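Tertiary structure, described
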Amino acid sequence: MSTIRTISSSPYTSAQQQWIPRQHPPQPSTEGPLSQKQLADFQQKGFIFEPNFLSPQEVEHLTQAMHGLLETPAYKNKEFVIMEPTGQHIRSIFAVHFLNKALRALAYDPRLTRRAEQILGSQVYIHQSRINYKPGFEGQGFNWHSDFETWHYEDGMPEMRAVSASIIMTDNHHFNGPLMLVPGSHEVFIPSRENTPEDHYKQSLQQQEIGVPPQEALSQLMQEHGIEAVTGKAGGLILFDCNVIHGSNANMSADPRSNIFFVYNSVENQCVAPFSGNAPRPEFLAHPHGKQWQPH
Ligand code: 6CS
Ligand code: FE
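First, a word on what this report is: a plain description of the structure on this page. (Residues numbered from 1 in each chain as written. Chains lettered and ligands numbered in written order. Predicted model: local features only at pLDDT ≥ 70, side-chain atom pairs only at ≥ 80, totals over all residues. Heavy atoms only, no water.)

**Some remarks on the sheet that holds strand β6 (residues 142–145)**
Hydrogen bonds along the backbone pair up the strands of a sheet, which may run parallel or antiparallel. Here we have four strands laid out as an open sheet, ordered β6-β12-β8-β10, and antiparallel in their pairing. A single partner strand is all that each edge strand has here, and the edge strands are β6 and β10 (228–229). As judged from the two bridges shared by strand β8 (residues 180–181) and β10, these two strands associate in the antiparallel manner. Bridge pairing in β10 links Met180 to Ala229. (Pairing = 2+ DSSP bridges. Helix = DSSP H or I, 4+ residues; strand = E, 2+ residues; numbered from the N terminus.)

**A word on the coordination of the iron ion (ligand 2)**
Protein-derived coordination of the iron ion (ligand 2) comes from His145 (NE2), Asp147 (OD) and His246 (NE2), at a distance range of 2.1 to 2.3 Å. Relative to the metal, the four donor atoms surrounding the iron ion (ligand 2) lie at angles of 82 to 174 degrees, and the coordination shape comes out irregular. Between the donor residues of the iron ion (ligand 2), the gaps in sequence give the motif H-x1-D-x98-H. Within this pair, whereas Asp147 is found in helix α5 (residues 147–155), its partner His246 is found in strand β12 (residues 246–248), the two being separated by 99 residues in sequence. There is no split in this pair, since Asp147 and His246 are both buried. (Donors = N, O, S within 2.8 Å, 3.2 Å for Na, K, Ca; no water. Tetrahedral: all angles 85-135°; square planar, octahedral: opposite > 155°, others 65-115°. Buried < 20%, exposed > 50% of the residue type's maximum accessible area, 1.4 Å probe, protein only.)

**Considerations on unusual backbone geometry**
Of note in the backbone geometry, Ala95 takes a positive phi value of approximately 55 degrees without being a glycine. When you line up the elements, Ala95 lands in the loop between β4 (90–94) and α3 (101–107). A relative accessible area of 0% places Ala95 in the buried class. Phi is positive for Lys134, close to 35 degrees, though the residue is something other than glycine.

**As for the pairing of strand β5 (residues 124–132)**
The buried fraction of β5 is high, at nine of nine residues. Pairing between β4 and β5: three bridges, direction antiparallel. Bridging across to β5, Ile93 finds its partner in Ile131. Across eight bridges, β5 lies against strand β13 (residues 259–266) in antiparallel orientation. The residue of β13 that forms the bridge with Ser129 is Phe262.

**Brief notes about the packing of aromatic side chains**
For the structure on display, the rule yields 10 aromatic pairs. Ring geometry for Tyr12 against Phe148: centres 5.5 Å apart, planes inclined by 80 degrees, an arrangement best described as edge-to-face. Linking Tyr12 in the segment before β1 (20–21) with Phe148 in helix α5, this pair joins segments that are 136 residues apart in sequence. Phe148 carries the same exposure label as Tyr12, and that label is buried. When the centroid spacing of 6.4 Å and the interplanar angle of 40 degrees are considered together, the rings of Tyr153 and Phe189 count as tilted. A residue pair is termed long-range when its members are at least 10 positions apart, and Tyr153 in helix α5 and Phe189 in strand β9 (residues 188–189) qualify at 36 residues. (Phe/Tyr/Trp six-rings, centres within 6.5 Å; stacked < 30°, edge-to-face > 60°.)

**A few points about the site of ligand 1**
Close contacts around ligand 1 come from Phe94, Gln128, Arg130, His145, Asp147, Thr150, Trp151, Leu205, Gln208 and Arg281, and that covers them all. The separation between an oxygen atom of ligand 1 and a polar side-chain atom of Gln128 is 2.9 Å. In the environment of ligand 1, an oxygen atom lies 3.0 Å from a nitrogen or oxygen atom belonging to the side chain of Arg130. Elements with a contribution of two residues or more to the shell around ligand 1: β5 and α5. (Near = heavy atom within 4 Å. Polar contact = N/O pair within 3.5 Å; in protein donor to acceptor, adjacent residues only side chain to side chain.)

**Notes on the environment of Arg161**
Position of Arg161 among the secondary structure elements: in the loop between α5 and β7 (162–168). Taking the C-alpha atoms as reference points, Arg161 and Ser219, separated by 58 residues in sequence, lie 26 Å from one another. Non-local contacts of Arg161, meaning those with residues more than four positions away in its chain, are made with Pro26, Leu120, Gly121, Ser122, Cys242, Tyr264, Asn265, Ser266, Glu268 and Asn269. (Contact = heavy atoms within 4.5 Å.)

**Describing the sheet that holds β4**
What the seven strands build is an open sheet, ordered β2-β11-β7-β13-β5-β4-β3; its pairing is antiparallel. Of all the strands in the sheet, the pair left with one neighbour each is β2 (47–50) and β3 (81–83). Neighbour-to-neighbour, the strand axes of this sheet turn through a mean angle of 15 degrees, independent of strand direction. Two elements, β2 and strand β11 (residues 237–241), share four bridges in a ladder whose sense is antiparallel. Among the inter-strand pairings, Glu50 is bridged to a residue of β11, identified as Leu237. In the packing of helix α1 (residues 36–45) onto the sheet, the strands contacted are β2, β7 and β11, and the crossing angle to β2 comes to about 135 degrees. Strands in contact with α5 are β5, β7, β11 and β13; relative to β5, the strand with the most contacts, it is inclined by about 115 degrees. (Axes fitted to C-alpha atoms, helices over the stretch in contact; angles between N-to-C directions.)

**What about the side chain of His200?**
With respect to the secondary-structure elements, His200 resides in the loop between β9 and α6 (201–204). Residue classification places His200 among the buried residues on the basis of a relative accessible area of 3%. In this structure His200 touches Glu154, Arg193 and Ile210, once residues within four positions along its chain are discounted.

Any functional reading would require information beyond the geometric quantities listed.
Here it is in structure tokens:
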């Protein structure tokens, strides 16, 4: 029986310090597909990369699913489809494991769920899924941020006990905007906002400004830990902690940089009222445990 705690106060909304040490880090379980070295690397850096996680055949099958969503007329102008700031190209599609059978099967593939359960030390559910398409020449970047910072304030995620699985579906190289992360940055929470506008997601999913850490904090973390860009062949898996600082550049090449993301949250960390005090975000962004979602 999972112990679902409801907490009203947050250790992360206290006085404006430059940063707050991470509270209650997840305790990984020793059982699971990840080796002790992989677990140690994840705990130390906040992320690990596993090349060739999917076979070329699986990548091919899922690529068809990915393109199928792009070409579904019924999804045009829907709230769960986010356009690039230029308005001409699709930037992201959310809730993809509710939209396609192959993507749903991947989301619940034990190769992924057991990794997440091992890292988080509990059963898990999917808090969010998305595909970031980042088309050649047109795909814009994502400012530096911590996902948890958003999910805490805007979805009510209590603690840093969630992990993202990003499957790279096209070769990620240095010129098409690969995911960049600051190793070790998951250990601190950087207060990065004064307030949160209502419906902030309508702005932040296209170009996030609120919740981007201050440059002095980013500079200090980067001086101390550097930056790592994850490059590799299609089919690789990046597992990254919900609080690790990450971002990516615009795609300056002809090659798309399309990644599928599934966010696994501990069943013992289910979302409560958003810590911003705002209304909860729509369920295509934050799926309550066990609840289905349908496009409308
Ligand atoms: O607001 C969110 O949930 C999304 N924003 C970013 C920049 N990354 C995580 C997530 O997809
Ligand atoms: Fe993110």
